[in-house]
Amino acid sequence: QVQLAESGGGLVQAGGSLRLSCAASGLTFSDYAMGWFRQAPGKEREFVVGISWGGGFTSYVDSVKGRFTISRDNAKNMVYLQMNSLKREDTAVYYCAARRSHGTTIIRLVDQYDYWGQGTQVTVSS
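A quick note: this is a predicted structure, and the numbers were derived from the prediction, not measured. Residue numbers run consecutively from 1 along every chain, following the written order of its sequence. With the structure being a predicted model, the display of local features is reserved for residues of pLDDT at least 70 and the display and counting of side-chain atom pairs for 80 or more, all residues being used for whole-chain, interface and lining totals. Values reported for side chains reflect all heavy atoms of the structure, with hydrogen atoms and water molecules removed beforehand.

Novice: Explain the sheet that holds strand β1 (residues 3-7) to me, please; I cannot follow it from the model alone.
Specialist: Across a sheet, paired strands are connected by hydrogen bonds in the backbone, their directions being either parallel or antiparallel. Read across the open sheet, the four strands follow the order β1-β3-β8-β7; overall the sheet is antiparallel. Two strands in the sheet have a free side with no partner beyond their single neighbour: β1 and β7 (68-73). Here the strands of the sheet are splayed against their neighbours by 15° on average, with no regard to which way each runs. Only strands joined by at least two bridges in the DSSP assignment are considered to pair. Numbering of helices and strands runs from the N terminus, with a helix taken as a DSSP run of H or I at least four residues long and a strand as a DSSP run of E at least two residues long. Each axis is a line fitted through C-alpha atoms, taken for helices only over the stretch in contact, and angles between the N-to-C directions span 0 to 180 degrees.

Here it is in C-alpha cells:
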C-alpha cells in the first residue's frame, strides 16, 4: 500500500521559513517524479513545484521561484520543500504527490499524479 506522509507545516510569520517533508512508502521511490501542490480555502489545488525521479530536473510555479526549493533523497524515500520568505498568500494545505515517470518533463496537472498525501497546513500570518 502506497503512503505519502507530509510533515513540517505550521504557523509562521510573514518572511519566515518552513521545511516540509514527505515520507514515501510502498513504492519504488526512484520510479516516481514528485510534486508539491497546495490548496487554499475556496480555491482549486495548484501545482507548486516538481522534481524528476533522479532529482536532476525541477520546475517551479513563478510565484515561488527564488523562495522555495525542492529536493529529494532517494535513499531515504523522502522529498522536501524548503520555503523561505513566506508570504500570506502562501497559506494553504500543502500536498505531496507521486507520478510514475522516468522522464525529465515535470507535469503540473493534478490528475496526472498517481498518489497523494493527506496534506499539511501552512499558515502565514502578517
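Novice: Got a minute to help me understand the state of the cysteines in this structure?
Specialist: Cysteine pairs can be covalently joined through their sulfur atoms, and such a bond is termed a disulfide. For this text, the term disulfide refers to a pair of cysteine sulfurs within 2.5 Å. Scanning the entire structure with this criterion turns up one disulfide. Here C22 connects covalently by a disulfide to C96, the sulfurs 2.0 Å from one another. A torsion of 45° about the S-S bond marks the disulfide between C22 and C96 as right-handed. In this pair, C22 sits in strand β3 (residues 18-25) while C96 sits in strand β9 (residues 92-100), placing the two residues 74 residues apart along the sequence.

Novice: Sorry if this is basic, but what is going on with the pattern of salt bridges here?
Specialist: Salt bridge criterion: a side-chain nitrogen from Lys or Arg within 4 Å of a carboxyl oxygen from Asp or Glu. All told, the structure shown has five salt bridges when counted by the stated rule. One salt bridge in this structure joins E46 and R38, with 2.7 Å as the shortest N-O distance. Looking at E46, the relative accessible area reads 35%, which means it is partly exposed. Linking K65 and D62 is a salt bridge whose minimum nitrogen-to-oxygen distance equals 3.0 Å. Within the structure, one salt-bridge network assembled from shared partners comprises R38, E46, R67 and D90. Only protein chains enter the accessibility calculation, which uses a 1.4 Å probe. A residue is then buried if its area is under 20% of the maximum for its type, exposed if over 50%, and partly exposed in between.

Novice: Just to check I follow, could you spell out the nonpolar core for this structure?
Specialist: General note: in soluble globular proteins, nonpolar side chains tend to be found buried as a group. Within this scheme, the nonpolar core is defined by two criteria: the residues are buried Ala, Val, Leu, Ile, Met, Phe, Trp, Tyr or Cys, and they are joined through side-chain atoms within 4.5 Å. Judged by nonpolar contacts, the single largest core of 30 residues is most densely connected at M34, W36, F68, L81, M83 and Y94. Where this core is concerned, the elements lending two or more residues are β3, β4 (32-39), β5 (46-51), β7, β8 (78-83), β9 and β11 (120-125). Setting aside chain neighbours within four positions, we find L81 in contact with L18, R19, L20, W36, V49, F68, T69, I70 and Y94. With five residues, the next largest nonpolar core counts F37, F47, A97 and I106 among its residues. Note on definitions: a residue-residue contact is assigned when non-hydrogen atoms from the two residues lie within 4.5 Å.

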